[in-house]
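# Structure at a glance
Read off the chains here:
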Amino acid sequence: MDPILLAVQTLNGLQLGVLLFLVAAGLTLVFGIMDFINLAHGVQYMIGAYFAATFTAVTGSFLLGAALALPAAVLVGVALERVVFRHFYGRDHLDQVLATFGVIFFLTELVRVIWGPTPLSFPVPAWASHSVTLFGGATYPAYRLFIIGGGLAVAAGLYALVARTRFGMLVRAGASNPRMLQALGTDIKRLFLLVFALGAMLAGFAGLMAGPILSVEPSMGDNLLILAFVVIVIGGLGSIQGAFLGALLVGLVDTLGRSFLTDAVKLVLPASAAVDVGPALSSMLIYVLMAAVLIVSPTGLLPAKGATR
Amino acid sequence: MKRTVLAAALMAGLALPAGAQDLRIGLMSTLTGPQAVTGQHLRDGFMLGVEHAGGKLGGLETKVTIVDDQLKPDVAVQEVEGLLKRDNVNIVAGVVYSNILMAVYKPVVESDAFLISANAGPAPVAGNRCSENFFNTSWQNDQTHGAVGKHVSDSGIKKVFLLAPNYQAGKDGLTGFKRHFKGEVVDEVYTKLGQLDFSAEIAKIQSAKPDAVYTFMPGGMGVNLVKQYAQAGLKDKIPLFSAFTVDETTLPATEDAGLGLFSASIWTPDLDNVANKRFVEDFRKKNGYVPSYFAAQAYDAARLIDAAVRQAGGVKDKAKLRAALRQAKFDSVRGAFAFNKNHFPVSDFYLVEAAKLPDGAPAMLKRKLVFEKYADDYAGECPMKW
Amino acid sequence: MGTAGPMLEVSGLQASYGAGQVLFGVDLRVGEGEVVTLLGRNGMGKTTTVNAIMGLLAPKAGRVAFCGRELTGRPAHEAARAGLGLVPEGRQIFPNLTVRENLVATADGRGAWTLSRVFDLFPRLRERQDQMGGSLSGGEQQMLAIGRALMTNPRLLLLDEATEGLAPLIRKEIWQVLLSLKRAGQSILVIDKNLKALKRIADRHYVLEKGRIVWQGSGAELEAERERLERHLGV
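Residues numbered from 1 in each chain as written. Chains lettered and ligands numbered in written order. Predicted model: local features only at pLDDT ≥ 70, side-chain atom pairs only at ≥ 80, totals over all residues. Heavy atoms only, no water.

On to the overall build of chain C. Summing up its helical and strand segments, chain C has 10 helices and 10 strands in all. For 235 residues, the compact-globule estimate of 2.2 N^0.38 gives 18 Å, and chain C sits close to it at 17 Å. The dimensions of chain C, computed from C-alpha atoms along their principal axes, are 45 × 35 × 35 Å. Sorting the 235 residues of chain C into buried and exposed places 55% on the buried side. Taking contacts inside chain C between residues at least 6 apart in sequence as the whole, the part at least 24 apart equals 67%. For chain C, the accessible area works out to roughly 9700 Å², and carbon and sulfur atoms hold 49% of it. Across chain C, the 31 positively charged side chains and the 25 negatively charged ones have centroids separated by 1 Å. (Helix = DSSP H or I, 4+ residues; strand = E, 2+ residues; numbered from the N terminus. Rg over C-alpha atoms; globule rule 2.2 N^0.38 Å. Buried < 20%, exposed > 50% of the residue type's maximum accessible area, 1.4 Å probe, protein only. Contact = heavy atoms within 4.5 Å. Areas by Shrake-Rupley, 256 points an atom, 1.4 Å probe, with all protein chains shown as cover. Lys, Arg positive; Asp, Glu negative; His and termini not counted. Charge placed at Lys NZ, Arg CZ, Asp CG, Glu CD.)

Given below as structure tokens:
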């Protein structure tokens, strides 16, 4: 196996993992604390990308566009919480799935009406559009390194917020026993709203980071949402550390599987069959990983300890 | 929302004198979902064709009912049942995607109506399942892939890396390419349908060091691949050839990343003929964007219907109308137009490059002829005689 | 009887879980500085009464007033902020927070109770302050639950099953703490089955049966009617 290719693919896996973490973190908090299944979380990611593309085009600066897109994405999240989601807390999961599924349809079509069906152009900022030469002469896009760095920085900040602050204590307490937390004087609805806004911001951030490398189009969040659910199941519901570990695992396994599995299959099967079998296997790989984790540890790798549900 | 009634609406139809004919067309396109932009091109192209006939294709009051297949075969079948039974259409036209065409093919060709595909051209309906009630104004799917394969071979490229989504059309596409490419395939990678990040595949390409890459990545997948390929700094090192990936529907999103990439097509906006100049000019004026082959082929479909209905003196005599359709006496935007025995056109295929029109709008422009009067590879399997 | 007007006043309280009604009109009062018990066998509605007072369960009828404030049907955090400090059945400490975090997270921060005062009351919690709540023994968890409620500076402490399932030595320690709290003027409503210990600290007692208060009186009156009440209490 080519060591340079392996290193580059590891970076690719890390970059996917970091984006997945940003989306999964919000999803796992909302699910863990509010027991609320929010399928529309992927829409938050998509909206972040649309806002960032639009504001970047208007201001001519990626950083300025991002700075405007974040609060706008949070505003959409808060509005959704107040208008729709808040009425579904404590309801049956099926009700929540149906309601948030409806929100996906509504917002996806709304975005299509406002911005049109053509994918939006969102160029990589000029200061990161070059390739960096790594060890061994391999090149890697600077912007992807920027995503990895930015994502890890946000992950560190989020960890500090959850582990070191009073707000973080309330978030963790809420994840294990929201009823008791309320009986001790915390306005749980307000906490939910804050957590929701935080989740919307993280997903929006992921969207604006991903926008320049992926096409900005209405359905861009759909695929990622499924992966994010796999991540939080692997990591353990409600657990930020679990989401981080799960996201990196899924990112690496998916990327390395896509790059090396077909070649591995060629060792045992003829090339023509391997070309068929390899892609099929690699697209199943993360689900196999999820099943394996669930067999070994049904509550995920790092569950929010002692969650009462 | 799904029904647009053009020209003579029902009221006008009621006012017609007894015995007068009208023409009812069902236009099936993909108008919602991620691939809606291609369907929008197709619809706008067809409607411009109707407009250029003064709203009267073949001189008949024409009513076009537009339906959205949502890129879902079951929805398409339902919609086409409605067109045939409720709207009593004479012709079902349009259809962007092959899986949709395969779903509606049988119900339409076994009814009293004609089916005219303006885009989809899957192998079975060009070969042994061809029908006297089916016509195609685009191409058989393999042809475009084959044309790129021939060009890549002709330009002395020895080693290519192949990349396509892991579904039937992806595999067919690469097979079509390999039929006319004589060099070595260093690797053949199939990605998950709908995959949006190609970093792993791009790293594999870098490591495999081929002379060129050939890909078929329609829609958003292609936009992402093209952008990421350029970002990785590969665009100038390893040429990226493609089919149905870089075109006027995706160039607005890929912008500079797509410019300079080569593909093949039967039509470009800069083809030099009178019909095409009028089409491109009026299309841009009316719709505000540059038409793609989706629009051009649909425009041709409308012009074909116009000429055939006029020649057959109406739609009542189906045999007469079929004979007129086969003769295809209209000025196609691609220049000469003629049907093969299997009702697929025999067209010239050009090497095309993503570049800028004189006014700066990106489009696929003609570079050179690759195949002259290229008949598809399945026509021989079609038993139809005429 | 207690001093001035009642601090907590519950009247005609009715409540249900799903289709089954549990409380059929509970009336009780706790005065400033009083320690009052709620007695009764399992399943008679003691915890339901506490939950309805706290706002963790919406009552069907009746009212709950605390320090002149209407709490009926209000959410639990309002009851807590009005000055009701809950030590719930089963302790329900946050297992994924450290001992210190359990105390600090919901602390009020504006009253007499501080971290060091709680640690003085329960020295073991000081030793274990960086351990996860879930790693504590049952007795330590109960100490933590009491400390956690005190950190909200409650005007009335509600203890649901103060010593249930704890070792004798720990029980003794907890009763000792409750007695010292009483001496400091803390009002308490306590549920427990240990009548002997309760009699030492309580001013008055209520007996709950089948969702109604069937008896109330002082410690002396309880002693006088002990045999008749034992049927209800199941001691």
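Moving on: the overall build of chain A. Each helix and strand counted, chain A has 11 helices and two strands in total. Along chain A, helices and strands appear, N-terminal first, in the series α-α-α-α-β-β-α-α-α-α-α-α-α. C-alpha extents for chain A along the principal axes are approximately 60 × 50 × 35 Å. In chain A, which comprises 309 residues, the share counted as buried stands at 58%. Look at the contacts in chain A between residues 6 or more apart in sequence, and 77% of them connect residues 24 or more apart. Entry remark: accessible area of chain A is about 11800 Å², with carbon and sulfur atoms responsible for 74%. Here chain A contributes 15 positively and 12 negatively charged side chains, and the mean placements of these two sets differ by 14 Å.

Time to look at the interface of chain A and chain C. One widely used convention gives an interface's size as the accessible area the parts lose upon coming together. Taken together, the contact pairs 19 residues of chain A with 23 residues of chain C. Both sides of the chain A and chain C interface together cover about 2000 Å² of buried area, and 59% of this is carbon and sulfur. Its largest share of buried area at the contact with chain C, chain A owes to A:Arg179, A:Met180 and A:Leu184, together 29% of the area lost on that side. Our count for the chain A to chain C interface comes out at one salt bridge. (Buried area = accessible area lost by both parts, 1.4 Å probe. Salt bridge = Lys/Arg side-chain N within 4 Å of Asp/Glu carboxyl O.)

This structure, assessed with the given rule, holds 45 salt bridges over all chains. Where B:Asp22 meets B:Arg24, a salt bridge forms, and the shortest distance between an N and an O atom there is 2.8 Å. Of the charged contacts, one joins C:Arg69 and C:Glu78 as a salt bridge, the two residues approaching to 3.7 Å between their closest N and O atoms. Several salt bridges converge on common partners, so that one network encompasses A:Asp263, A:Lys266, B:Asp187 and B:Lys204.

Moving on, we get to the sheet that holds strand E4 (residues 61–66) of chain C. Residue and element names in this part refer to chain C. Across the sheet, which stays open at both edges, the four strands sit in the order E2-E1-E4-E5 with antiparallel pairing between neighbours. Each edge of the open sheet carries a strand with a single partner, namely strand E2 (20–31) and strand E5 (69–70). Both strand E1 (residues 6–17) and E2 contribute to a ladder of nine bridges, which runs antiparallel. Bridge pairing in E2 places Glu 9 opposite Arg 29. (Pairing = 2+ DSSP bridges.)

On to the state of the cysteines. Residue and element names in this part refer to chain B. If you walk through the whole model with that rule in mind, you get one disulfide over all chains. Put simply, Cys 130 and Cys 382 are joined by a disulfide, and their sulfur atoms are 2.0 Å apart. Taking the sign of the S-S torsion, about 80 degrees here, the bridge from Cys 130 to Cys 382 comes out right-handed. Note that Cys 130 is positioned in the loop between helix H5 (123–126) and strand E5 (134–136) and Cys 382 in the segment after strand E12 (362–374), a separation of 252 residues in sequence. Comparing Cys 130 with Cys 382 shows no difference in burial state: the two are buried. (Disulfide = S-S within 2.5 Å.)

Here the focus is helix H9 (residues 220–231) of chain B. Residue and element names in this part refer to chain B. The end-to-end C-alpha separation of H9 is 17 Å, in line with the 16 Å expected for 12 residues at 1.5 Å each. Buried residues dominate H9, accounting for 11 of its 12 residues. Listing the buried residues of H9 in full gives Gly 220, Met 221, Gly 222, Val 223, Asn 224, Leu 225, Val 226, Lys 227, Gln 228, Tyr 229 and Gln 231. Immediately beyond the C-terminal end of H9, within one or two residues, lies Gly 233, with a positive phi of roughly 80 degrees. (Expected span 1.5 Å × (residues − 1).)

Residues and elements named next belong to chain C. A surface patch of like charges, here positive, comprises Lys 172, Arg 183, Lys 196 and Arg 200. The set of elements that each furnish at least two residues to the positive patch consists of helix H7 (168–183) and helix H8 (195–201). Looking at where Lys 196 falls in the secondary structure, it is placed in helix H8. Given a relative accessible area of 68%, Lys 196 falls into the exposed group. (Patch = residues over 30% accessible without salt bridge, like charges linked within 9 Å, V, L, I, M, F, W, Y side chains within 5 Å.)

The next subject is the environment of C:Gly20. Inspection of the secondary structure puts C:Gly20 in strand E2. Between the alpha carbons of C:Gly20 and C:Arg200 there is a distance of 36 Å; along the sequence they are 180 residues apart.

Our next topic: unusual backbone geometry. In this structure, B:Leu71 takes a positive phi of about 60 degrees despite not being glycine. Checked against the element boundaries, B:Leu71 lands in the loop between strand E2 (61–68) and helix H3 (73–85).

Where the two pairs of chains in contact are concerned, the greatest contact count is recorded for chains A and B. Looking at chain B next to chain C, you find no contact at all, with the nearest C-alpha pair sitting 37 Å apart.

Residue and element names in this part refer to chain C. Within strand E7 (residues 156–160), five of the five residues are buried, which leaves the element mostly enclosed by the surrounding structure. Here E7 shows no split at all, with Leu 156, Leu 158 and Asp 160 on one side and Leu 157 and Leu 159 on the other all buried. Taken together, the four bridges between strand E6 (residues 84–87) and E7 define a ladder with parallel strand orientation. Bridging across to E7, Leu 86 finds its partner in Leu 158. In the sheet, E7 pairs with strand E8 (residues 187–191) via five bridges, with the strands oriented parallel. Bridge pairing in E8 links Leu 156 to Ser 187. Since E7 and E8 lie parallel, the crossover through H7 that links them has a hand, and here it is right-handed. (Right-handed = clockwise from strand over helix to strand, strands pointing away.)

Let us look at the confidence of the model for chain C. All names here are of chain C. Confidence in the prediction of chain C, expressed as mean pLDDT, is 91, and 96% of residues score 70 or more. No element of chain C has a lower mean pLDDT than helix H10 (residues 226–233), which averages 76, and none a higher one than helix H3 (residues 99–105), which averages 97. With a pTM of 0.81, the predicted complex shows an ipTM of 0.92. (pLDDT = per-residue confidence, 0-100.)

All names here are of chain B. The end-to-end C-alpha distance of helix H11 (residues 274–287) is 20 Å, a good match for the 20 Å that 14 residues give at a rise of 1.5 Å each. All of the buried residues along H11 are Ala 275, Asn 276, Phe 279, Val 280 and Phe 283. On an axial view of H11, the arc spanned by its buried residues comes to 120 degrees, and they lie on one face. Looking at H11, the residues exposed on the side facing more than 90 degrees away from the buried face are Val 274, Lys 277, Glu 281 and Lys 285. Its buried side turned inward, H11 meets helix H2 (36–52) and helix H12 (293–312). N-cap assignment for H11: the residue whose side-chain oxygen lies 3.2 Å from the backbone N of Ala 275 is Asn 273. Positive phi appears at Gly 288, one or two residues downstream of H11, with a value of about 75 degrees. (Arc of directions from axis to C-beta. Polar contact = N/O pair within 3.5 Å; in protein donor to acceptor, adjacent residues only side chain to side chain.)

What follows covers the packing of helix H5 (residues 142–164) of chain A against helix H8 (residues 188–210) of chain A. Residue and element names in this part refer to chain A. Direction vectors running N to C along H5 and H8 enclose 170 degrees, while the axes themselves pass 11 Å from each other. One way to sum up the angle between H5 and H8 is to call them roughly antiparallel. Contacts between H5 and H8 involve Tyr 143, Phe 146, Ile 147, Gly 150, Gly 151, Val 154, Leu 158 and Leu 161 on the former and, on the latter, Leu 198, Leu 202, Phe 205, Leu 208 and Met 209. (Axes fitted to C-alpha atoms, helices over the stretch in contact; angles between N-to-C directions. Parallel < 35°, antiparallel > 145°, perpendicular 65-115°, else oblique.)

Before going further, it helps to spend a moment on the packing of H5(A) against helix H6 (residues 166–176) of chain A. Residue and element names in this part refer to chain A. The geometry of H5 relative to H6 is characterised by a closest axis approach of 5 Å and an angle of 80 degrees between their N-to-C directions. Put simply, H5 runs roughly perpendicular to H6. Across from Leu 161, Val 162, Ala 163 and Arg 164 in H5, the residues of H6 making contact are Arg 166, Phe 167, Gly 168, Met 169 and Arg 172. Partitioning the contact of H5 with H6 into residue classes produces five nonpolar, one polar and three charged. (Nonpolar A, V, L, I, M, F, W, Y, C, P; charged D, E, K, R; others polar.)

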